[in-house]
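Residues per chain are reported as follows:
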Amino acid sequence: MRRMTFWKKWIIRISALMGIAFVLLSIHAKIKKKDTVYTHLPEEKNPMEGKAVVFIEEESDPVNADGVRGHLEAVGESGFRESFYTRRVKRTIDLLLSFFALIFLSPLFLALSLAIVIDDPGPVFFTQKRVGKNKQYFQLHKFRSMKMSTPHDMPTHMLKNPEQYITRVGKFIRAHSLDELPQIWDIFVGNMSLIGPRPGLWNQDCLIAERDKYHANDVMPGLSGLAQISGRDELEISEKAKIDGEYVEKIGFLMDMRCLFGTVFAVLGKKGVVEGGTGNKKENQEKQQVLRENKGTALPLEGTQVSGIRGLIMKEDNKIFKILITGAHSYVGEQVEKYLEEYNKKIFEFSPEKKRYIIETISLYGEEWKKKDFSCYDVVFHVAGIAHGRIKENTEEEINQYFAVNRDLAQNVAVKAKNEGISQFIFMSTMAVYGGIKDAVITKETIPSPISAYGESKLQAEWLLEELEDEKFTVAILRPPMIYGHGCKGNYTKMVKLARLLPVFPEVGNSRSMIYIENLAEFIRLLIENREGGVFFPQNDEYIDTGKMIRLIAKSYHWTCILLPGFKTILKFMQKLPGKVGRISKKAFSSLYYQQEYSDYRENYRIFSLEDSIKRIEEIRKKG
């Protein structure tokens, strides 16, 4: 009984102290609130506060924090009405949770404050003007993670070499999202909420205008939000604003709980919660800036990766490459043409009439192609051919078809190209020229050993083409491994079907060379830029394990595929079986790969990793 009385006394005392602390903090917050929203500094207030706005691009305006020149213009009043939940319930939850967080996290606040001062003497907190509810400006607080010399009103992603500004303690607190903790005070004051759209910088006009379409500026900004747990800093401004709009549309207790638990899992998983207000991807920000500066003028510098755009490497000249793709309805030919056309749009975004690459595709069916004038082209990219397995190899007539198309037709096209002044001939050969080797790894010393009419016809075509090469006529021969990409027929399509069908798959542990179609297209583009000849072995920068590939494909479809160990012996046995089972097993589960240094090139053509390429295939599939 005495013990119960003792605990009751302490509970009463603690409750009384907490109550006093709450009252005192509330009074202090009300006093500070006026300063944080610039009540005494009317010149700092937002002239667009409470108004609906649109963004107007104007070249004479300074570049804003979104990397675009322009300004906001008011187009009327907002007209947004808050619900009872956001006005009363949500604010009560924010007030109570932020109060208890300030009390219980005070030792952590003290420890971090000391670490920041010791590491880089100066203020503990970093304040920045942000856009709050109804576009009201307020001072956002963060633990200072960057040096005192860092530019103030500029997002980190727009700094040149931002790593040089981040302190040692700053790297730690950013990695664990601890720099955001002082915003708990902003929540208690009433400038922010626990959950809501991340507050943008005062000069992020594009983000503000885009959010206005969805009334995302009319609710309290948050410590974390739906956009942060959906894609964090990798989302475009338009996509991020749309997700913020989805939050506003579905705002309620369940939505807030979803975002809260999503944030907790992100922090515990060491992903962190990144500033939502930054908007664009870094590459898009830099791309816009560079393209605007080079509008209609010089191309990027030779041999440099420009503006973070994948693969944007070219020579500084005004050369226009005229490319003839010989072989209609070829997957590789169509994809390379599409890739080069998209490349034109990247480098001449503001001058669509200009092109670096002019591409034409012709069919080689029949005799009509022989009348075509090749003299106006610089490059012939020869993709016409009979693919492996397209025709059976049971009879002499069937075998002869492979040689007639893959060898003789290629030679005839190359002779015509050379005679009519073409300077470069690119020939699509195949890894199948090594079909009969016993070793799993292919090196520079490996001698081709085809075992099919397909492989043999391609190898003989290579020999004939090499004989045509001279100082004025360059021949580039490509021996790619299995090609995969959206719309590509063959083994990758079969893998997709397996990944969608099977919840489990054996752990294989093999290694195979493959190449994603856009990596191959970039390699071909670089060959054209460099006017280069020789024999080349393009492949991805990592080998494929069949089991892991199946699991990655399943993951891209948001399914789960578990790899089961203990099947390696069985899979090796299956490869030795006669007939179709043995052939399929060997193709799926054996190892065959190029030595990586065998596939290196002077510039990086591997612009997509294996995982990125699979994600990209799924993105393209969704777009239809």
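Placed above this text is the structure.
What this report covers is the structure whose coordinates are included nearby. (Residues numbered from 1 in each chain as written. Predicted model: local features only at pLDDT ≥ 70, side-chain atom pairs only at ≥ 80, totals over all residues. Heavy atoms only, no water.)

As for the overall build of the chain
Operational definition: Counting from the N terminus, the helices are DSSP H or I runs at least four residues long and the strands are E runs at least two residues long. The buried label goes to any residue with under 20% of its type's maximum accessible area, the exposed label to any with over 50%, and the partly exposed label to all in between, with areas taken from a 1.4 Å probe on protein chains only. Any two residues whose heavy atoms approach within 4.5 Å at even a single point are treated as in contact. All accessible areas in this document rest on Shrake-Rupley with a 1.4 Å probe, and a residue is counted as covered only by the protein chains that are shown.
When helices and strands are counted, the chain shows 19 helices and 18 strands. Evaluated residue by residue, the chain yields a buried proportion of 48% over its 624 residues. Sequence-distant contacts in the chain: of pairs separated by 6 or more residues, those separated by 24 or more amount to 75%. Surface summary for the chain: the accessible area is close to 32,200 Å², and the carbon and sulfur share equals 57%.

Concerning the packing of aromatic side chains
What counts is decided by this rule: Any Phe, Tyr or Trp ring, taking Trp's six-membered ring, that has another such ring centre within 6.5 Å forms a pair; planes under 30 degrees apart are called stacked, those over 60 apart edge-to-face, and the others tilted.
This model, assessed by the stated rule, comprises 26 aromatic pairs. Seen from their ring centres, tyrosine 343 and tyrosine 357 are 6.1 Å apart, and the 70° between their planes marks the pair as edge-to-face. Of this pair, tyrosine 343 sits in helix H11 (residues 331–347) while tyrosine 357 sits in strand S8 (residues 357–362), placing them 14 residues apart in sequence. Here tyrosine 343 matches tyrosine 357 in class, with each residue buried. Taken together, the aromatic side chains of Phe22, Phe99, Phe100, Phe104, Trp185 and Phe188 make up a single cluster linked through ring pairs.

Describing the pattern of salt bridges
The condition that has to hold: We count a salt bridge whenever a side-chain nitrogen from Lys or Arg sits within 4 Å of a carboxyl oxygen from Asp or Glu.
Using the criterion set out here, one finds 29 salt bridges in the structure. Note that lysine 370 and glutamate 367 form a salt bridge whose closest N and O atoms lie 2.7 Å from each other. Judged by relative accessible area, glutamate 367 falls into the exposed class, the value being 52%. Across the pair aspartate 600 and arginine 606 runs a salt bridge, and its minimum N-O distance is 3.3 Å. The class of arginine 606 is buried, set by a relative accessible area of 14%. Taken together, the salt bridges that share partners define one network made up of Lys142, Asp179, Glu180 and Arg198.

With respect to the sheet that holds strand S7 (residues 321–326)
Under the convention used in this document: Strand pairing is assigned whenever DSSP identifies at least 2 bridges connecting the two strands. Structural elements are reduced to axes, namely lines fitted to C-alpha atoms, with helices fitted over the stretch in contact, and the angle between N-to-C directions of any two is expressed from 0 to 180 degrees.
One open sheet holds the six strands; their spatial order is S8-S7-S9-S10-S12-S16, and the pairing between them is parallel. Where the open sheet ends on each side, the last strands, each with one partner, are S8 and strand S16 (534–536). Strand after strand, the sheet turns through a mean of 20° between neighbouring axes, direction not considered. Pairing geometry for strand S10 (residues 424–428) and strand S12 (residues 474–478), over five bridges, is parallel. Bridge pairing links phenylalanine 425 to valine 475 in S12. Each of S7, strand S9 (379–382) and S10 is contacted by helix H12 (residues 396–419), which is oriented at about 170° to S10, the strand it contacts most.

Quick look at the side chain of threonine 546
Note on placement: threonine 546 falls in helix H16 (residues 546–556). Discounting residues that sit within four places of it in the chain, threonine 546 has contacts with Met495, Phe505, Val508, Asn510 and Ala588.

A closer look at the environment of serine 330
Inspection of the secondary structure assignment puts serine 330 in the loop between S7 and H11. The exposure class assigned to serine 330 is buried, which follows from its relative accessible area of 14%.

Describing the packing of helix H14 (residues 491–501) against H16
Let me state the cut-off plainly: Any angle that is under 35 degrees is reported as roughly parallel, and any over 145 degrees as roughly antiparallel; angles of 65 to 115 degrees are reported as roughly perpendicular and all others as oblique. It is the rotation of the near helix from the far one that decides the hand of a crossing: anticlockwise by less than a right angle makes it left-handed, clockwise makes it right-handed. Polarity classes work like this: nonpolar for Ala, Val, Leu, Ile, Met, Phe, Trp, Tyr, Cys and Pro, charged for Asp, Glu, Lys and Arg, and polar for all others, with Gly in that last group.
Across the interface, H14 lies against H16 with an axial gap of 9 Å and an inter-helix angle of 65°. Considering the angle they form, H14 stands roughly perpendicular to H16. Pair H14 / H16 crosses with right-handed handedness. Contact residues: H14 offers Tyr492, Met495, Val496, Leu498 and Ala499, while H16 offers Thr546, Met549, Ile550, Ile553 and Ala554. Counted by class, the contact of H14 with H16 contains nine nonpolar, one polar and no charged residues.

Here's the deal with the side chain of glutamate 180
Note the cut-off: In protein, a polar contact requires one atom able to donate a hydrogen and another able to accept it; more generally it is a pair of N or O atoms within 3.5 Å, and residues adjacent in sequence count only if both atoms are side-chain atoms.
In this structure, glutamate 180 sits in the loop between helix H4 (168–175) and helix H5 (183–189). Polar contacts involving the side chain of glutamate 180 include one to the side chain of arginine 198, which spans 3.2 Å.

Description of the nonpolar core
Rules: We call a set of buried residues a nonpolar core when its members are Ala, Val, Leu, Ile, Met, Phe, Trp, Tyr or Cys and they connect through side-chain atoms within 4.5 Å of each other.
The biggest cluster of nonpolar side chains holds 58 residues, and the ones touching the most others in it are Ile323, Val332, Phe381, Leu478, Leu520, Met549 and Ile553. With near-sequence residues (within four places) excluded, leucine 478 lies in contact with Ile426, Phe427, Met428, Ser429, Thr430, Leu520, Phe523, Ile524, Leu527 and Phe536. Counting residues in each nonpolar core, the second largest holds 22 residues, with Ala410, Ala417, Phe427 and Leu468 among its members.

Some words on unusual backbone geometry
Within the chain, asparagine 134 stands out as a residue other than glycine whose phi angle is a positive 60°. One can find asparagine 134 in the loop between strand S3 (125–131) and strand S4 (137–143). The partly exposed category is assigned to asparagine 134, whose relative accessible area is 30%. Residue histidine 329 is not a glycine yet carries a positive backbone phi of 65°.

Concerning the pairing of S8
The criterion, for reference: When the strands point away from the viewer, a crossover counts as right-handed if the path from the first strand over the helix to the second runs clockwise.
Where S7 lies against S8, six bridges are found, and the strand directions are parallel. When the sheet's bridge partners are listed, threonine 326 is paired in S8 with isoleucine 362. In the classification by handedness, the crossover that spans S7, the intervening H11 and the parallel S8 is right-handed.

Thoughts on H12
Along an α-helix, residues three or four positions apart point the same way, because every turn accommodates 3.6 residues. What counts, and what does not: Every helix has an expected span of 1.5 Å times one less than the residues it contains. The angle between axes fitted to the seven residues ending at a residue and the seven residues starting there is what we call the bend at that residue.
Along its 24 residues, H12 runs 33 Å from first to last C-alpha, staying within 8% of the 34 Å computed at 1.5 Å per residue. At alanine 404, H12 is deflected by roughly 30°, the largest bend along its length. For H12, every residue scored as buried is listed here: Tyr402, Phe403, Asn406, Leu409, Ala410, Val413, Ala414, Lys416 and Ala417. Glycine 421 sits one or two positions beyond H12 and adopts a positive phi of about 90°.

As for the environment of tyrosine 365
As for its position among the elements, tyrosine 365 is in the loop between S8 and S9. We classify tyrosine 365 as exposed; its relative accessible area is 75%.

A closer look at a nonpolar patch on the surface
Selection rule: Exposure above 30% relative accessible area and no salt bridge define the residues that can form patches, which grow by joining like charges within 9 Å and nonpolar side chains of Val, Leu, Ile, Met, Phe, Trp and Tyr within 5 Å.
A cluster of nonpolar side chains, namely Leu17, Ile20, Val23, Leu24, Ile27 and Ile31, defines an oily patch on the protein surface of about 600 Å² accessible area. If you trace the backbone, isoleucine 27 turns up in helix H1 (residues 2–36).

Considerations on H16
Looking only at H16, the buried set comprises Thr546, Gly547, Met549, Ile550, Ile553, Ala554 and Ser556. The N-cap residue of H16 is aspartate 545: its side-chain oxygen and the backbone nitrogen of glycine 547 are 2.9 Å apart. Phi for histidine 558, located one or two positions after H16, is positive at around 65°.

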